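Chain by chain, the residues:
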Amino acid sequence: MTAERRATDGSGAVGTAAGAEAVAEAELLRRLKAFEGRAAATAGRAKDPVNEPMIRHWCEAMGDTNPAYTGPGAIAPPTMLQAWTMGGLSGHTGRSTAYDELFALLDGAGCTSVVATDCEQEYLRPLRPGDAVTFDAVIESVSPRKTTKLGTGHFVTTRMDVHANGELAGTHRFRILKYAPAAKGAPAGAAPAPKPQRPRPVINRDNQGFWDGVREHRLLIQRCTACATLRFPWLPGCNACSSPDWDTVEASGAGTVFSYVVMHHPSFPAFTAHEGPAAAGGPYAVALVELAEGVRIISNITGVPYDKVRIGLPVRLEFLRVDDTLELPVFRGEAG
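Predicted model, so just to flag it, every value in this text is computed and none were measured. (Residues numbered from 1 in each chain as written. Predicted model: local features only at pLDDT ≥ 70, side-chain atom pairs only at ≥ 80, totals over all residues. Heavy atoms only, no water.)

## A closer look at the pattern of salt bridges
And then number 1: This model, assessed by the stated rule, comprises 21 salt bridges.
And then number 2: Among the ionic pairs, Glu 140 bridges to Arg 173, the shortest N-O distance being 2.8 Å. Of the two residues, Glu 140 is situated in strand S3 (residues 133-142) and Arg 173 in strand S6 (residues 167-181); the sequence distance between them amounts to 33 residues.
And then number 3: Classification of Glu 140 by relative accessible area gives partly exposed; the value is 26%.
And then number 4: Residue Arg 223 pairs with Asp 247 through a salt bridge whose shortest N-O separation is 3.0 Å. Within this pair, whereas Arg 223 is found in strand S7 (residues 220-224), its partner Asp 247 is found in strand S9 (residues 246-250), the two being separated by 24 residues in sequence.
And then number 5: By relative accessible area, Asp 247 is classed as partly exposed at 28%.
And then number 6: One network of salt bridges, with partners in common, ties together Glu 140, Arg 159, Asp 161 and Arg 173. (Salt bridge = Lys/Arg side-chain N within 4 Å of Asp/Glu carboxyl O. Helix = DSSP H or I, 4+ residues; strand = E, 2+ residues; numbered from the N terminus. Buried < 20%, exposed > 50% of the residue type's maximum accessible area, 1.4 Å probe, protein only.)

Next comes the structure, spelled out in structure tokens:
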């Protein structure tokens with residue numbers, strides 16, 4: 001009788017429905033977690049050995065003229081690590097069914113959309129022309145349900161171990177969000193939407209020092225202690241001489257606009273909220289700023305309307321408090 005009375009009572013029915021939803025969510029997470037540690041690919045083999053034409057095309061596309069990537073004794077750019085393992089349009093034959101089964105389970109739970117969020121690589125030894133590349137991949141983790149601006153879903157992280165001639169050469173972690181798209185608009189009487197947030201930077205051991213500097217209102221540039229080359233963004237090694245040793249110098253804050261684009265669509269209020277309600281949603285300018293020290297950084301331009309930003313515009317560093325947990329280096333346009 002007690003259960004029946006609860007089911008017919010309005011608040012009890014809501015409570016019962018919420019409880020059933022929590023149980024279903026817990027069961028889904030249990031099934032998702034069962035995929036952690038399962039192989040996504042075993043003994044996969046690259047379709048081609050490491051080769052000079054692919055290295056040349058990569059360097060031309062990236063504008064990378066490092067002499068380490070040409071001539072006798074050349075190595076492949078470390079960031080090409082994933083390029084050698086890609087299956088192309090025809091895919092790889094060594095792929096397991098676990099990843100497909102995981103995606104089918106998420107699809108069945110309404111998480112039918114997918115977006116890549118970030119990747120992280122670790123390099124253990126350089127790849128050289130002629131190396132035979134093999135790889136193994138594992139489903140490393142599946143997160144509990146997360147709510148994002150795109151929608152609600154689960155982050156899935158895979159780890160790929162890349163071998164060259166049987167020797168571990170590097171590790172590639174790749175994270176995606178499998179989600180149910182958020183509903184458009186809000187029903188009448190619904191609570192106001194939360195204030196939009198800028199995307200959070202991915203902070204790892206390679207760039208932690210940069211963000212530590214930002215918290216202290218210092219824009220730090222890496223400097224190779226072997227050849228004194230300055231580099232930005234932060235990298236684990238020198239792109240001029242390959243030395244892993246570095247220190248930092250603090251930017252003076254002076255710079256000029258080297259290039260820029262004006263973003264009209266999609267509208268994203270979080271990027272212009274600091275300019276006031278009239279600016280919310282854009283358009284807004286995204287600039288490549290050349291610092292006085294010679295390196296370049298992508299950032300926003302403040303203090304100047306988006307249609308007044310020009311190549312060569314002098315700018316000065318300032319730090320923008322976006323919200324309680326995020327502060328960013330931006331550049332204010334200077335008169336003249």
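Once the structure has been displayed, the description carries forward.
## As for the sheet that holds strand S14 (residues 326-333)
Think of a sheet as strands paired side by side through backbone hydrogen bonds, with each pair either parallel or antiparallel.
And then number 1: Taken in spatial order, the five strands of this closed barrel run S10-S11-S12-S14-S13, and their pairing is mixed. Here the strands of the sheet are splayed against their neighbours by 50° on average, with no regard to which way each runs.
And then number 2: As paired strands, strand S11 (residues 284-291) and strand S12 (residues 296-302) are joined by five bridges and run antiparallel to one another. Bridge pairing links Ala 287 to Ser 299 in S12. (Pairing = 2+ DSSP bridges. Axes fitted to C-alpha atoms, helices over the stretch in contact; angles between N-to-C directions.)

## Points about the packing of aromatic side chains
And then number 1: Using the criterion set out here, one finds five aromatic pairs in the structure.
And then number 2: Aromatic side chains Tyr 99 and Phe 103 sit 4.8 Å apart centroid to centroid with 35° between the ring planes, which places their arrangement in the tilted category. A residue pair is termed a helical-turn pair when its members lie 3 or 4 positions apart in one helix, as Tyr 99 and Phe 103 do in helix H4 (residues 98-108) at four residues.
And then number 3: What makes Tyr 99 buried here is its relative accessible area of 14%.
And then number 4: Where Trp 234 meets Trp 246, the ring centres are 5.1 Å apart and the plane angle is 70°; that geometry is what we call edge-to-face. On the criterion of sequence distance, the pair formed by Trp 234 in the loop between strand S8 (230-231) and S9 and Trp 246 in strand S9 is long-range, its members being 12 residues apart.
And then number 5: When its relative accessible area of 10% is taken as the criterion, Trp 234 is described as buried.
And then number 6: A network of ring pairs unites the aromatic residues Phe 210, Trp 211, Phe 232, Trp 234 and Trp 246 as a single cluster.
And then number 7: Over the aromatic face of Phe 258 sits the side chain of Arg 296, whose NZ or CZ is 3.5 Å from the ring centroid. (Phe/Tyr/Trp six-rings, centres within 6.5 Å; stacked < 30°, edge-to-face > 60°. Lys NZ or Arg CZ within 6 Å of the ring centre and 35° of its normal.)

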